[in-house]
Amino acid sequence: MRVAAKLEQIKQQINEACLKVNRNPDEVKLIAVTKYVSIDRASEAFEAGIKNLGENRDDGLLAKWSVLRDKPDWHFIGTLQTRKVKNIIDKVEYIHSLDRLSLAEEINKRADHKIKCLVQVNVSHEESKHGLSAEETIKFIESLRPFDNISVEGLMTMAPLTKDEQIVRDCFRKLRELRTQVQDRNLDFAPCTELSMGMSGDFPIAIEEGATMVRIGTALVGEDG
Ligand SMILES: *Cc1c(COP(=O)(O)O)cnc(C)c1O
C-alpha cells in the first residue's frame, strides 16, 4: 500500500483518539519512523506530506539525509553511542534518547546551537530497554543545568510489548505525571512540554494519555501489505 493511503488511515485514528479525550489533533506531531525501509520509501513518506522522519541509527539517518537533506525535520529516536554524536548533531531537529550524563556532555560539546532533547524514561523497568527510571529522571534533568546547548523539551518512553491495554496505559500515564513533576520545577533549560510516546501498536492509547509526538513505523511506512 502507498504511504499516502496508510497516512489517511493513521490520521483518522489520530483524529478519533483526540476526539475521545477532547484534544486538538494539531497538538500531535506525527513522526514516520523510516528505520526499516528504503530511501525511496522514506522519500515517498515525505512527498505524502509527512514532515517529521525518525531514525534510530546514525548510518540509517545519514543515508536518508544524503537524499532528503534538511527538508524533513529529523528525529533521532534510538540508543545514541557517544562517539556517534558528531555524525548526526548538525542534522537532527530532536534527539529523543538522552539517557545519561556522558551523552549530554558530548551533545553539549559538539553542538553549535541549542539541541532539543527528550529524556528517555524506562517507565516499565524492562531490562531490555534503555532509559532512566522514573525515580532517577528529575535528578538527571536537574543535572543538565550547566549545558548551554541542551534544552529538555520533553520525555520519551516505549511501552512494554503486551496485549494488556491497562499496562500500556499506565505506562503512558506515568510519563505524563512525570512531565508535570518536571514542569513544576520551572527550570528554564527544561520546559518539558513534549511527550514522545506511542508506536504502531499503541499510539491511540498514547494520544488518549497526552502524547504530543507519536513515532510510527510499520503501520505508516511498512512496505508489506
Ligand atoms: C522502531 C521504533 C518505533 C516504531 O516502531 P513501529 O512499531 O514500527 O511503529 C518507535 N520508536 C522507537 C524508539 C523505535 O525504535
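Residues numbered from 1 in each chain as written. Predicted model: local features only at pLDDT ≥ 70, side-chain atom pairs only at ≥ 80, totals over all residues. Heavy atoms only, no water.

The name recorded for the protein chain in an unreviewed UniProt entry is Pyridoxal phosphate homeostasis protein, from Neobacillus novalis. The UniProt entry for the protein chain carries this comment under Cofactor (unreviewed entry): "pyridoxal 5'-phosphate". Taken verbatim from the UniProt record of the protein chain, the Function (unreviewed entry) comment is "Pyridoxal 5'-phosphate (PLP)-binding protein, which is involved in PLP homeostasis." (UniProt positions renumbered as here; feature names shortened; annotations may be inferred.)

**Comments concerning the site of the ligand**
Neighbouring the ligand are Val33, Lys35, Tyr36, Ile77, Met156, Met158, Met199, Ser200, Arg215, Ile216, Gly217 and Thr218. The separation between an oxygen atom of the ligand and a polar side-chain atom of Ser200 is 2.5 Å. Measuring from a nitrogen atom of the ligand, one finds a side-chain N or O atom of Arg215 at 2.9 Å. Here the ligand has 380 Å² of accessible area as a free molecule, and 89% of this is covered by the chains. Taking a 2 Å distance to the grid points as the criterion, the majority of the atoms of the ligand fall inside the largest pocket. Grouping the amino acids of the shell around the ligand by side-chain chemistry returns seven nonpolar, three polar and two charged. (Near = heavy atom within 4 Å. Polar contact = N/O pair within 3.5 Å; in protein donor to acceptor, adjacent residues only side chain to side chain. Areas by Shrake-Rupley, 256 points an atom, 1.4 Å probe, with all protein chains shown as cover. 1 Å grid on protein atoms, 1.4 Å probe; cavity = no way out; pocket = protein on both sides within 12 Å on 5 of 7 lines; lining within 4 Å. Sits in = over half its atoms within 2 Å of the grid points. Nonpolar A, V, L, I, M, F, W, Y, C, P; charged D, E, K, R; others polar.)

**Side note on the pairing of strand E4 (residues 94-98)**
Sheet faces and side chains relate simply in a regular strand, where the side chains alternate between the two faces. Counting buried residues in E4 gives five out of five residues, a clear majority hidden from the surface. Judged from the two bridges that link them, strand E3 (residues 73-76) and E4 form a sheet pairing that is parallel. Along E4, the bridge assignment pairs Phe76 with Ile95. Note: E4 against strand E5 (residues 115-120), three bridges, orientation parallel. (Buried < 20%, exposed > 50% of the residue type's maximum accessible area, 1.4 Å probe, protein only. Helix = DSSP H or I, 4+ residues; strand = E, 2+ residues; numbered from the N terminus. Pairing = 2+ DSSP bridges.)

**Digging into helix H5 (residues 101-110)**
When we look at burial in H5, the residues that qualify are Leu103, Ala104, Glu106, Ile107 and Asn108. Buried residues along H5 sit against helix H4 (85-88), E4, E5 and strand E6 (150-156). (Contact = heavy atoms within 4.5 Å.)

**So, the packing of helix H2 (residues 39-47) against helix H3 (residues 58-68)**
At their nearest, the axes of H2 and H3 sit 10 Å apart, and the two run at 55° to each other. In terms of orientation, H2 and H3 fall into the oblique class. H2 and H3 meet at a crossing whose hand is right-handed. Across from Ile39, Ala42, Ser43 and Phe46 in H2, the residues of H3 making contact are Ala63, Lys64, Val67 and Leu68. Taken together, the residues that form the contact of H2 with H3 break down as six nonpolar, one polar and one charged. (Axes fitted to C-alpha atoms, helices over the stretch in contact; angles between N-to-C directions. Parallel < 35°, antiparallel > 145°, perpendicular 65-115°, else oblique. Left-handed = near helix turned anticlockwise from the far one by under 90°.)

**Topic: the side chain of Ser196**
In this structure, Ser196 sits in strand E7 (residues 194-196). Exposure remark for Ser196: the relative accessible area of 0% places this residue in the buried category. Only 2.9 Å separates the side chain of Ser196 from the side chain of His96, close enough to count as a polar contact.

**Thoughts on the layout of surface pockets**
Reported here for the largest pocket is a volume of approximately 870 Å³. Around the largest pocket, the lining is made up of 36 residues, and of these Lys35, Tyr36, Met158, Met199 and Arg215 lie nearest the centre. Breaking the lining of the largest pocket down by element, the ones donating at least two residues are helix H7 (165-184) and helix H8 (203-208). When grouped by side-chain class, the residues that make up the lining of the largest pocket number 14 nonpolar, 12 polar and 10 charged. Only helix H1 (3-20) and strand E1 (29-33) provide two or more residues apiece to the lining of the second largest pocket. (Points joined across faces, edges and corners; volume = space filled by probe spheres on them.)

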